[in-house]
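# Chains, contacts and geometry: an overview
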Amino acid sequence: MSLKQTIEMLSKGSAQAVTTLNSSSVDAEKLKNYLYVKTPIEKSLIGTIEESTKKRIIFLCGSSGDGKSEIFCRIHNKYSSTFEFHLDATHSFDPGKDAIQTLDDKFAEYKKATKPLVVGINIGMLGNFAAEGDLAHSDIKRSISKFLSGQDVSNAEHVFINFEQSPKFNLKGDLIEAPFIGPLLKRICAMDDKNPIYAQWKNSPDGTDLSRNYALLCVPEVQQRICSLLFYAHLKFDQFLTARTVLDFVYQILGGKGSLFDNIFCGKGSELFDSLRMLDPCHARSKSLDLFQVKTSLGLISPEFQVFRDDIRSEFGLELTESRSWVRLFYVMQDVELSNNFHHRFRDDLKRELFDEFRDIWQLHRDYDGDNKEKRTRLRKFYNDTFISAVTSFANRFAPEIQRDRFLLGKPNGFALSANSPIQPELSRLASEAPTQLRSFDTYLKVGDEKIGPVPVSVSFLELARKINHGYRPNTHDKTTVVKLEELVEGIRRIVRKTDWLYIQTDGSEWKLENNEYEDEIIVERR
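Reading the values: the criteria
- Residues numbered from 1 in each chain as written.
- Predicted model: local features only at pLDDT ≥ 70, side-chain atom pairs only at ≥ 80, totals over all residues.
- Heavy atoms only, no water.
- Buried < 20%, exposed > 50% of the residue type's maximum accessible area, 1.4 Å probe, protein only.
- Helix = DSSP H or I, 4+ residues; strand = E, 2+ residues; numbered from the N terminus.
- Arc of directions from axis to C-beta.
- Contact = heavy atoms within 4.5 Å.
- Core = buried A, V, L, I, M, F, W, Y, C linked by side-chain atoms within 4.5 Å.
- Pairing = 2+ DSSP bridges.
- Axes fitted to C-alpha atoms, helices over the stretch in contact; angles between N-to-C directions.
- Patch = residues over 30% accessible without salt bridge, like charges linked within 9 Å, V, L, I, M, F, W, Y side chains within 5 Å.
- Areas by Shrake-Rupley, 256 points an atom, 1.4 Å probe, with all protein chains shown as cover.
- Salt bridge = Lys/Arg side-chain N within 4 Å of Asp/Glu carboxyl O.
- Lys, Arg positive; Asp, Glu negative; His and termini not counted.
- Charge placed at Lys NZ, Arg CZ, Asp CG, Glu CD.

Going by the annotation in an unreviewed UniProt entry, the name recorded for the chain is DNA phosphorothioation-dependent restriction protein DptF, with Novipirellula caenicola given as the source organism.

Here helix 14 (residues 271-278) has its buried residues at L272, F273, S275 and L276. Axial view of helix 14: buried residues confined to an arc of 155°, hence all on one face. Turned more than 90 degrees off the buried face of helix 14, the exposed positions are E271 and M278. On the buried face of helix 14, the contacting elements are helix 11 (220-237), helix 12 (243-255) and helix 13 (260-266).

Take the nonpolar core next. Ranked by internal contacts, the top residues of the largest apolar core, which has 115 residues, are I181, L329, F330, M333, F387 and I492. Look past the residues within four positions of L329 in its chain and what remains in contact with it is F261, F308, I312, L318, L320 and Q334. With 20 residues, the next largest nonpolar core counts I57, F107, Y110 and A130 among its residues.

Turning our eyes to something else, we now look at unusual backbone geometry. Omega for the bond connecting G453 with P454 falls within 30 degrees of zero, at 5°, which places this linkage in the cis form. For D238, which is not a glycine, the phi torsion comes out positive at approximately 50°. Inspection of the secondary structure puts D238 in the loop between helix 11 and helix 12.

All right, on to the pairing of strand 10 (residues 440-447) then. Across the eight residues that make up strand 10, a large majority, six, are buried. Bridge analysis of strand 9 (residues 423-425) against strand 10 gives three bridges, and the strand direction is antiparallel. Counted as the bridge partner of I423 is V447 from strand 10. The pairing of strand 10 with strand 11 (residues 450-458) spans seven bridges and is antiparallel.

Taking strand neighbours across the sheet as the criterion, the five strands line up as 7-8-12-13-14 in an open arrangement whose pairing is antiparallel. For this open sheet the edge positions go to strand 7 (406-410) and strand 14 (521-526), each flanked by a neighbour on one side alone. Within this sheet the neighbouring strands show an average axis-to-axis angle of 30°, counted without direction. Sheet topology note: the strand 13 (residues 509-516)/strand 14 ladder contains six bridges and is antiparallel. Residue pairing in the sheet places W511 in a bridge with R526 of strand 14.

Residues V294, L298 and L300 make up a contiguous nonpolar surface patch of roughly 310 Å² in combined accessible area. Tracing the chain through its elements places L298 in the loop between helix 15 (287-297) and helix 16 (303-316). Here L298 falls in the exposed class, since its relative accessible area comes to 61%.

Next up on the list: a negative patch on the surface. A cluster of acidic residues, E517, E519, D520 and E521, forms a negative patch at the surface. By relative accessible area, which is 46% here, E519 ends up partly exposed.

This is the structure in structure tokens:
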């Protein structure tokens, strides 16, 4: 088997991509066994099975391609004498029945038998069964409905183990940890003869794109940068990263026609590559990057770049002809010590400031315990300078003439009606409300004595807030993010309307109206 054939087994189009209890060639089995990374989900499933002392149904649920079948194949032989396994509840292999009818039959068999049952099933199919399953299984359907709605399923007969409970990434300061993807890349690149990919690479001819790309992927800093990129795609585009998705991604970036760097950002054929194209470092704009690209495209090569280019060619055999390819190399290898480190001069230009800020603020919300003054100061700065500032600017976008400490209530016939808006972060709430998932953190506000929240802030929401603070006017292209912002503004406006002071502005004139309840009159003051 060649290196190319070995790599092709990682593709989602490979016949080996889906594991069944009786599948896989010897080579595929060898590769899968070597690459397998034991996950917390597998440990949780085994622990639940071994602790089970009575008849029950254990649902292992997730999404297509996240490795349910692989886990089942690994534990089936050990537990099949005491547990019944239903490997793929998403499909029916009986042409006369659909998947739901097959599940009806399986649950009917379970109720007559004495063995516990372990079911591997997609979340979507769980919902379908809860809606369309046979009434004879109403008890199971009720448990599924509770699980899908986020309720605690205390029924000991139905246990749910969900892949979503195992985060794909962890944050530790500036470090982005990928508990599954990181070890998987290390295994793929391990310089060990037990590694089928490395063993084939050693014996493969030099000078091919595949051979060069594998050598580049073996650089540890490149693997870490790829993990960070996948994290950004996960955050910004809700990219779902199953085991199959990641393996296919590795296949595409290694086996594509170009260099590893171009394959990462120019790939096609999956949502993940669509997301990564949006994260192409060539979209970054700075004077030094633009000058580099213009000069390089004109053949104006500086002596420093000439040395760097020659050393890259010598070490990796790379012959990059496009300036954009070089920018991608600068980004992916920015943490690698190379030649004269010419690429390090662009590190600041290639920073992902949006994601860095989101990571920092998310960790502040996670770690804030109510006592730490430094964290409180940083949180207050975020709320005042970024979050509340953006909300107020957005609310007042049709009346830039009103003061920043006021909130626009309306602008009928050209008269801007506004009121003071005492918006403050409710920091005391954050100490007991740590974020539960990476895609967003919850914010809490106080408008006077009234509370607003939780308001989830995703990286897209933060990006919109940063742009508004720099003068951006949101439009229909901002879609759901701007809808959430409008809902928040309307919530604040409902509270601000209750104030006793109202300001009216038009053509440079301003009036202040005060509702004096004690005297039962409205006092008008021209300002």
